[in-house]
Amino acid sequence: MTTREDLEQRRVDVSDAACRVLARDGLGALSVRGVAAEAGLPPSTVRYVFPTQAAMREHAITLVFDRTRERIDAIPAGLPDDETARRILVELLPLDDERIVELDVYLALGNAALTDDALRPALDRVVAEMRAWCDRIVALVGVPEDDRVDEACRLHALVDGLCVHVTRLAPGESGEWAIALLDRHLTGLPTA
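Calculation criteria
- Residues numbered from 1 in each chain as written.
- Predicted model: local features only at pLDDT ≥ 70, side-chain atom pairs only at ≥ 80, totals over all residues.
- Heavy atoms only, no water.
- UniProt positions renumbered as here; feature names shortened; annotations may be inferred.
- Helix = DSSP H or I, 4+ residues; strand = E, 2+ residues; numbered from the N terminus.
- Core = buried A, V, L, I, M, F, W, Y, C linked by side-chain atoms within 4.5 Å.
- Buried < 20%, exposed > 50% of the residue type's maximum accessible area, 1.4 Å probe, protein only.
- Contact = heavy atoms within 4.5 Å.
- Expected span 1.5 Å × (residues − 1).
- Bend = angle between axes of the 7 residues up to and from the residue.

Caption draft 1: Main features of the UniProt feature "domain: BetI-type transcriptional repressor C-terminal" (unreviewed entry) in the chain. Here, the residues flagged by UniProt with the feature "domain: BetI-type transcriptional repressor C-terminal" (unreviewed entry) are residues 83-189. For residues 83-189, the helix share is 79%, the strand share is 0%, and the end-to-end C-alpha distance is 15 Å.

Caption draft 2: Geometry of the nonpolar core. Counting residues in each nonpolar core, the largest one holds 57 residues, and the members touching the most others are V35, M56, I88, L89, L92, L155 and V159. Tallying contributions element by element places helix α7 (residues 120-140) first for this core, with nine residues. Setting aside residues up to four positions removed in sequence, L89 forms contacts with I137, L155, V159, L182 and L186.

Caption draft 3: Quick look at helix α8 (residues 145-167). With 23 residues, α8 ought to run about 33 Å at 1.5 Å a step, and its terminal C-alpha atoms sit 33 Å apart, in line with that. Roughly 25 degrees is the biggest bend found in α8, and it falls at E151. Along α8, the positions that sit buried rather than exposed are E151, A152, L155, H156, V159, L162, C163, V166 and T167. Where α8 is buried, its residues touch α5 (81-92), α6 (97-113), α7 and α9 (176-188).

In structure tokens form, the structure reads like this:
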């Protein structure tokens, strides 16, 4: 008998496989058969866990941001506010293989959500969460309240752009320049 925990773990395993397929082969390759092969499971198991392709897509994009949230929530409490802000920003950049896959999934499914009404709510939640992190960051570094909306929008755009650039680096090329750019941006923000 399958327990609730077993089913949730299977959902995560299938979503992980879907993320790998999306990142490696693109949205066109995201199929029950392809995900099942990637996960080492029979297609019937994938269909049981995610009865529709839309459900699999939605869970994959949600899983990506759940993992980002977990990393941000794991930042130790008690750090100076500017260090907390910096660490949140670094967690948002795709500086390792796991975060590169996460960004590729976000970009693929985000693009699909523009024409797929079933994906739009998941994309909207992800964008709202990213915006909330940017709001938190500008508040942490002391941006005056009257400037926070504009500065959070600017930071969000900067992070999104840097993420795309960092994922397109040549193999072995460092993304440290992106962290340095974010550091300069943080220190250049207006403070009270």
